Amino acid sequence: NQALRRFSTGRVYFKNKLKLALIGQSLFGQEVYSHLRKEGHRVVGVFTVPDKDGKADPLALAAEKDGTPVFKLPKWRVKGKTIKEVAEAYRSVGADLNVLPFCTQFIPMDIIDSPKHGSIIYHPSILPRHRGASAINWTLIMGDKKAGFSVFWADDGLDTGPILLQRSCDVEPNDTVDALYNRFLFPEGIKAMVEAVQLIADGKAPRIPQPEEGATYEGIQKKENAEISWDQSAEVLHNWIRGHDKVPGAWTEINGQMVTFYGSTLLNSSVPPGEPLEIKGAKKPGLVTKNGLVLFGNDGKALMVRNLQFEDGKMIPASQYFSAGETSVVELTAEEVKVAETIKVIWAGILSNVPIIEDSTDFFKSGASSMDVARLVEEIRQKCGGLQLQNEDVYMATKFEDFIQKVVRKLRGEDQETELVVDYVSKEVNEMMVKMPYQCFINGQFTNADDGKTYDTINPTDGSTICKVSYASLADVDKAVAAAKDAFENGEWGRMNARERGRLMYRLADLLEENQEELATIEALDSGAVYTLALKTHIGMSVQTFRYFAGWCDKIQGSTIPINQARPNRNLTFTKKEPLGVCAIIIPWNYPLMMLAWKSAACLAAGNTLVLKPAQVTPLTALKFAELSVKAGFPKGVINIIPGSGGIAGQRLSEHPDIRKLGFTGSTPIGKQIMKSCAVSNLKKVSLELGGKSPLIIFNDCELDKAVRMGMGAVFFNKGENCIAAGRLFVEESIHDEFVTRVVEEIKKMKIGDPLDRSTDHGPQNHKAHLEKLLQYCETGVKEGATLVYGGRQVQRPGFFMEPTVFTDVEDHMYLAKEESFGPIMVISKFQNGDIDGVLQRANNTEYGLASGVFTRDINKAMYVSEKLEAGTVFINTYNKTDVAAPFGGVKQSGFGKDLGEEALNEYLKTKTVTLEY
């Protein structure tokens, strides 16, 4: 029976599988080959190109390793006729189907039609548009909004055969050929080729004739055809440049020589200052700026290119155009000579066709490809003490001598940017010029998102757009994590002593304080926080937090432990507190900078590096913080800030295998999802500060004036967008009505308005979706029978303002009694006089346990209640009184782990036990 089952399983696996001939080349061909074999298809032959400069094509290498017959054919026909020996070699394999994933050779029609099922071809455009060999280039050159690929049945035309399947994707504003290929055309194309083969095997493959409507054919783009025509809009110029990046390269004439442009992006912000550069044919000179070369279209709009390449092949950052050639040759030390010799061996291994690597040996002219660039960078990292180069370093120093000079300068730290380049969005507001970074901050530099995506961040005071912010992609998250990992494992931060680490944190606290007015203004613009509150709490407590944890840096200690001795020898056992490594921090939108400080200060004090994702709706103070961290002297890679969505950037952080700890503040449902992802990925350590429904019990023996004042603060502080806000007030029956009356009287005195107005008490809710949720919350309360005493409506003015709201007669089964509003909504329930245990039972009847409070003059009652309340924090005759030295965190479904205080350090440390014998 077991044998029968094994046999049956095998038959099912190989049912509807084909014998395939793969015709083509490249890494794409190799991946298609490997995936088809994994799916059970049998590749009976691979027909590819001859070795180039002694190096086999990746498809040939993979097939030869598997023992698949490989035929390396210079050509298939002579004078229009198929070469007899080639045809015989092909027919000898007996294929059912020809698969052409990527093929630069012309395959005769008798070969195409020979198999039972014919031939299918991959083409990187949505046919019939962009027939021809440079389809991806033309997709970008023509400014198409959609890109994609087609798998079609080969016929005797040029990319005109019937369609089998097609897939499409959006073209992002700053996509290049490489970006589009790597993000979609390559990975999805592999899947589609495998799917197409299986459809044929199952007899389900369609043959859809190509329409002629919309058909275009463009030839191969060559260097002589790639000259830039300047009398066009900025977008058209950008499309032309990115459509030719990296091959063949769009070029123009500058100072009598051909200069090729790479790395184009549309410039959406103000044009930075720079030095003019005359360009032949351009009506307006370009500008060499710190960020790159700014170019202008005939519509007055601008674009920027990052790199320039000269006729001799040398590539430089465009920002260095006027200083190119000024760098002198450096003499190598004995240690650097050893590094150079190691790198020479690496070059020789890659350029196996070159007998001797000389100073003049050019990496690319010797046959290296883009795949070899990645290999070179990785081998140098592994064999040269973790030296981290970028791909661009290879492109900018292609000759061995120049490359070694670049490596040595990087080793000496001379290759670093002397000044942080920040492309601000500036606004004249609050009687000051506010300068706001808006790009991702990765490895010590502000940079656009990898795919060029941005999103609008909104001012909740009037609903206007403050600016466009980079929308971090998965690639950006991976870059940030890689930078943080390298900084921890190989960088200066990992070697820095604890006292020096503290000095940097003190300096950062000083800079936060020096820039507190600007930070508070940005916080008011981006989150709607009242300026005076932002200045005192949002920014003020952030400064205090960094100073507090700066003082802890050199006081993190282990302990010695007496153990049983291994007689006759003796033992010493001690513990060490060590940093975890790369930590991820995901913060909410209610206190953008303060939540950053609460988590990142402890993280950095412990010696970790971090990747922080601010809330999507409030990214601006986090990015300003990144700028200040560079001014404070933090090494690159230690702090990385990636604005974007939780679903993309946040989820990737929770899944990333190189992250060892994730700290999160946000909702309970998202916290659960993060905890699950952290467990499934690599069991990373987690701390969670989640939702709350904090009870506040007000007894009739309280100081009523104080209870009213602080009870209002417990609910309405920071517009109710406060994680420890009193979600439910229990007021003793004998004082209930008077308490409610006084609260309403005080609410009527509150000024609702512009958060930058110093007399404003109550600003706008953080964002539109949250306001709508609060209004729905109030509607639900009314429907369930709670009494709406005051408010419950949106304020009739621009922006996202809501009236402070009071509900009474809230019974325990109601939605308002169970769920957090996270807004300016006071939910009041009365309890019978003297029923202490009864009200405690009701207060604890929740799955949340973040904070709680009690007002009474009776100290015995207060202590009894504080012992019985199930919460991480209990306030007695006060509320919202947090301090940087006091640990903060919840219980039950409000999470676990602590922010602030010494306990917060333990969230970012691991304990190592060491035992020695002597």
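Cut-offs applied
- Residues numbered from 1 in each chain as written.
- Predicted model: local features only at pLDDT ≥ 70, side-chain atom pairs only at ≥ 80, totals over all residues.
- Heavy atoms only, no water.
- 1 Å grid on protein atoms, 1.4 Å probe; cavity = no way out; pocket = protein on both sides within 12 Å on 5 of 7 lines; lining within 4 Å.
- Points joined across faces, edges and corners; volume = space filled by probe spheres on them.
- Helix = DSSP H or I, 4+ residues; strand = E, 2+ residues; numbered from the N terminus.
- Nonpolar A, V, L, I, M, F, W, Y, C, P; charged D, E, K, R; others polar.
- UniProt positions renumbered as here; feature names shortened; annotations may be inferred.
- Buried < 20%, exposed > 50% of the residue type's maximum accessible area, 1.4 Å probe, protein only.
- Contact = heavy atoms within 4.5 Å.
- Phe/Tyr/Trp six-rings, centres within 6.5 Å; stacked < 30°, edge-to-face > 60°.
- Salt bridge = Lys/Arg side-chain N within 4 Å of Asp/Glu carboxyl O.

Topic: empty space enclosed by the protein
Part 1 of the reasoning: Tallied over the full model, the rule gives 5 cavities of 30 Å³ or more.
Part 2 of the reasoning: The space that makes up the largest cavity amounts to roughly 90 Å³.
Part 3 of the reasoning: Looking at the largest cavity, it is lined by 16 residues, and the ones nearest its centre are Ala 725, Ala 726, Gly 727, Ser 821 and Phe 822.
Part 4 of the reasoning: Broken down by secondary-structure element, the contributors of at least two residues to the lining of the largest cavity are strand 31 (726-732) and strand 34 (825-831).
Part 5 of the reasoning: A class-by-class count of the residues in the lining of the largest cavity yields 8 nonpolar, 6 polar and 2 charged.
Part 6 of the reasoning: There is about 50 Å³ of room inside the second largest cavity.
Part 7 of the reasoning: Together, 15 residues line the second largest cavity, and Pro 695, Ala 843, Thr 846, Tyr 848 and Glu 870 are the ones closest to its centre.
Part 8 of the reasoning: Of all elements in the fold, only strand 30 (694-698), strand 35 (848-849) and strand 36 (851-855) reach the threshold of two or more residues within the lining of the second largest cavity.

Structural notes on the UniProt feature "active site" (unreviewed entry) in the chain
Part 1 of the reasoning: The positions that UniProt labels "active site" (unreviewed entry) are, in the present scheme, His 123, Glu 689 and Cys 723. On the basis of their most widely separated C-alpha atoms, the annotated residues across 601 residues do not gather in one place, lying as much as 53.5 Å apart. Lining residues of the largest cavity, restricted to the annotated ones just named, are Cys 723.
Part 2 of the reasoning: If you trace the backbone, His 123 turns up in strand 7 (residues 119-123).
Part 3 of the reasoning: Exposure remark for His 123: the relative accessible area of 4% places this residue in the buried category.
Part 4 of the reasoning: Aside from chain neighbours lying at most four places away, what touches His 123 is His 130, Arg 131, Gly 132, Ala 135, Phe 149, Ser 150, Phe 152 and Asp 159.
Part 5 of the reasoning: On the secondary structure map, Cys 723 appears in the loop between helix 22 (704-716) and strand 31.
Part 6 of the reasoning: Apart from the residues within four sequence positions on either side, Cys 723 is in contact with Asn 590, Glu 689, Glu 820, Phe 822, Leu 850 and Phe 888.

Digging into the packing of aromatic side chains
Part 1 of the reasoning: Here the structure, examined in full by the defined rule, presents 25 aromatic pairs.
Part 2 of the reasoning: Look at Tyr 548 and Phe 549: their rings are 5.0 Å apart centre to centre, the planes differ by 85°, and that puts the pair in the edge-to-face class.
Part 3 of the reasoning: Summarising the aromatic geometry, the rings of Phe 699 and Phe 831 are spaced 5.5 Å apart at their centres and angled 85° between planes, so their arrangement reads as edge-to-face. Residue Phe 699 is found in the loop between strand 30 and helix 22, and its partner Phe 831 is found in strand 34; the two are separated by 132 residues along the sequence.
Part 4 of the reasoning: Residue Phe 831 is classed as buried on the basis of its relative accessible area, which comes to 3%.
Part 5 of the reasoning: Site record: aromatic cluster; members linked through ring pairs are Phe 28, Tyr 122, Phe 149, Tyr 181, Phe 184 and Phe 186.

A closer look at the pattern of salt bridges
Part 1 of the reasoning: This structure, assessed with the given rule, holds 43 salt bridges.
Part 2 of the reasoning: With its nearest N and O atoms 3.6 Å apart, the salt bridge here joins Lys 283 to Asp 231. With Lys 283 in the loop between strand 12 (275-277) and strand 13 (286-288) and Asp 231 in the loop between helix 7 (177-201) and helix 8 (234-243), this residue pair connects regions lying 52 residues apart in the sequence.
Part 3 of the reasoning: Overall, the relative accessible area of 73% leaves Lys 283 in the exposed class.
Part 4 of the reasoning: Residues joined in a network through salt bridges with shared partners are Glu 518, Lys 624, Glu 627 and Lys 631.

Looking at unusual backbone geometry
Part 1 of the reasoning: Residue Leu 127 is joined to Pro 128 through a cis peptide bond whose omega torsion reads 15°.
Part 2 of the reasoning: Residue placement: Pro 128 occurs in the loop between strand 7 and helix 6 (135-141).
Part 3 of the reasoning: A positive phi angle, near 55°, is found at Asn 430, a position not held by glycine.
Part 4 of the reasoning: Here Asn 430 shows up in the loop between strand 17 (424-429) and strand 18 (432-437).

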